[in-house]
Amino acid sequence: MKLTSFISFLKNNFITRKNPISLVHFITNRCNARCSFCFIDFDNPETFKNELTLDEIDKLTKSVGNNLININITGGEPFARKEITQILELYCENTNIESIYITTNGSLPDRAVKTLSHITAKYKHIKINVQISIDAIGEKHNKIRKIKNLFDNCIETFHSLKKIENVSPVVGITVSLENSSTVLDLYNALKNEHNIDAFKAIAVRDEGVYVTPSEDKNKILVAYKSLTNKIMQDSKNREISNYNYDKLKNRLHQHKDNLMYSYVIRNFLKPKYESPCYAGGLFGVINSNGEVYACEILKDKKIGNLKDYGYNFMNLWNSKTNKEVVKFIKDTKCNCTYECALAFNFLGNYKYQAGFAKSLFDY
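Criteria and thresholds
- Residues numbered from 1 in each chain as written.
- Predicted model: local features only at pLDDT ≥ 70, side-chain atom pairs only at ≥ 80, totals over all residues.
- Heavy atoms only, no water.
- Buried < 20%, exposed > 50% of the residue type's maximum accessible area, 1.4 Å probe, protein only.
- Helix = DSSP H or I, 4+ residues; strand = E, 2+ residues; numbered from the N terminus.
- Pairing = 2+ DSSP bridges.
- Right-handed = clockwise from strand over helix to strand, strands pointing away.
- Contact = heavy atoms within 4.5 Å.
- Phe/Tyr/Trp six-rings, centres within 6.5 Å; stacked < 30°, edge-to-face > 60°.
- Lys NZ or Arg CZ within 6 Å of the ring centre and 35° of its normal.
- Polar contact = N/O pair within 3.5 Å; in protein donor to acceptor, adjacent residues only side chain to side chain.
- Core = buried A, V, L, I, M, F, W, Y, C linked by side-chain atoms within 4.5 Å.
- Expected span 1.5 Å × (residues − 1).
- Arc of directions from axis to C-beta.

Draft legend 1. A look at the pairing of strand S2 (residues 68-74). In terms of burial, S2 is a largely internal element, seven of the seven residues being buried. In terms of strand pairing, strand S1 (residues 21-26) meets S2 through six bridges, oriented parallel. Paired with Val24 across the two strands is Asn72, which belongs to S2. After leaving S2, the chain enters helix H3 (residues 84-94) and then returns to the sheet as strand S3 (residues 99-104), a path that is right-handed.

Laid out in structure tokens, this is it:
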């Protein structure tokens, strides 16, 4: 029965849809934090101009329609955009998504609770996952992100969202040079002292404004290994509950996380090609100003701007330019450790399907 359900999952999400797509939408570049490792160039005045309006996002979402599998809403700080509720409504109304992923710094608990309570009450079939970033305990975290009382707000956001049906909060720990020596202490304190029971690990990347000094990357990798091993062990032992393992999709997602952690560990210091990337096909990125990319790492391979296509995403996605980008990705065996892209590369690649099928019986 479980294998039949797995085949049904693949059919519903990747086979019967004409153009199955997962998108990351940076709905704003505005943010109340100033993290040293952020990708956004806050010193560039062009950074904050020409955000897509609600009317433009309405056209965008209508054009992608049934093709959209999942939307990842991010920023900047997504809850800093006052229209976030209306933006989520447009995706829920105009597409057939079943899940929303939101990445937040956790600084605005009241707005997060109000927004997501409204969305889940109105769209009861939508599952919302919220990743809250925490880098250190207490005042140290506040200093890293440069927001007063941020740590306490993160903890409040997690526990408040956990009370909302169909909302699953998780704490995302970005392993950087600043916390590499204390990352396990951070994990244990969050778990044992602050009752956090869901975690994701992220290895800081070199794209964007921040570049990790080469001599420090090994320190980050050692810390990332320790953290991911601890998360996987505690998940297996059900000491933390990243997912409800009684549900099929959640077992698949846990296996996907495990694949991703091991992939990043193998490729963090010396990236290499292991399997095809489906950026430009299964996966894409929309910037706040309407620019579309196959992947946020391929900054020199812009597909186009939605404004030049009448906000018809599928016309842009099926354009000659995107076909050339997809060909470039294939011909160069493009590879990286970008977690959002990796997740759908694993799910969409037959190389990994036997492992996904086996994972149904692992939890």
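Draft legend 2. Here's a closer look at helix H2 (residues 54-64). Those residues of H2 not exposed but buried are Glu56, Ile57, Asp58, Leu60, Thr61, Ser63 and Val64. Against the buried residues of H2 lie S1, S2, H3, strand S7 (283-286) and helix H10 (313-317). Residue Gly65 follows H2 closely and has a positive phi angle near 45 degrees.

Draft legend 3. Fine view of the packing of aromatic side chains. Across all of its chains, the model carries six aromatic pairs by this definition. Centre to centre, the rings of Tyr224 and Tyr261 are 6.2 Å apart; their planes meet at 80 degrees, and the pair counts as edge-to-face. Of this pair, Tyr224 sits in helix H8 (residues 214-236) while Tyr261 is found in helix H9 (residues 248-267), placing the two residues 37 residues apart along the sequence. Grouping residues by exposure puts Tyr224 and Tyr261 together as buried. Considering the side-chain rings of Phe346 and Tyr352, the 4.8 Å spacing of their centres and the 75 degrees angle between planes classify their relative orientation as edge-to-face. Through a chain of ring-to-ring contacts, three or more aromatic side chains come together here, namely Tyr263, Phe346 and Tyr352. One cation-aromatic arrangement involves Lys217 over Phe268; the distance from NZ or CZ to the ring centre is 4.7 Å. Taking the ring centre of Phe328 as reference, the NZ or CZ of Lys301 above it sits at 4.1 Å.

Draft legend 4. Region of interest: the side chain of Asn105. Within the element layout of this structure, Asn105 appears in the loop between S3 and helix H4 (109-122). On the basis of relative accessible area, Asn105 is assigned to the buried category, the value being 4%. At 2.6 Å, the side chain of Asn105 and the side chain of Ser107 are in polar contact.

Draft legend 5. Seen up close, the nonpolar core. By size, the foremost hydrophobic cluster in this structure holds 97 residues, and its most contacted members are Tyr91, Ile100, Leu190 and Phe313. The contact partners of Leu190, leaving out residues within four places of it in the chain, are Ile134, Ile137, Phe151, Ile155, Val171, Ile173, Asn195, Ile196 and Phe199.

Draft legend 6. Spatial organisation of helix H11 (residues 320-331). In a regular helix each residue adds 1.5 Å, so twelve residues correspond to 16 Å; H11 covers 16 Å between its end C-alpha atoms and thus fits that length. Restricting attention to buried positions, one finds in H11 the residues Asn322, Val325 and Ile329. Mapping the buried residues of H11 onto a view down its axis gives an arc of 55 degrees, with all of them on the same face. With respect to the buried face of H11, the exposed residues turned more than 90 degrees away are Lys320, Lys323, Lys327 and Lys330. In this fold, the buried residues of H11 make contact with H10. Downstream of H11 by one or two residues, Lys333 has phi in the positive range, about 50 degrees.

Draft legend 7. Structural context of the pairing of S1. Within S1, six of the six residues are buried, which leaves the element mostly enclosed by the surrounding structure. A two-sided burial pattern is seen for S1, the buried positions comprising Ile21, Leu23 and His25 on one face and Ser22, Val24 and Phe26 on the other. As defined by bridge partners, S1 adjoins S7 across four bridges and the pair is classed as parallel. Within S7, the position partnered with Leu23 by the bridge is Gly284.

Remember that the coordinates give geometry; whether it matters functionally is a separate question.
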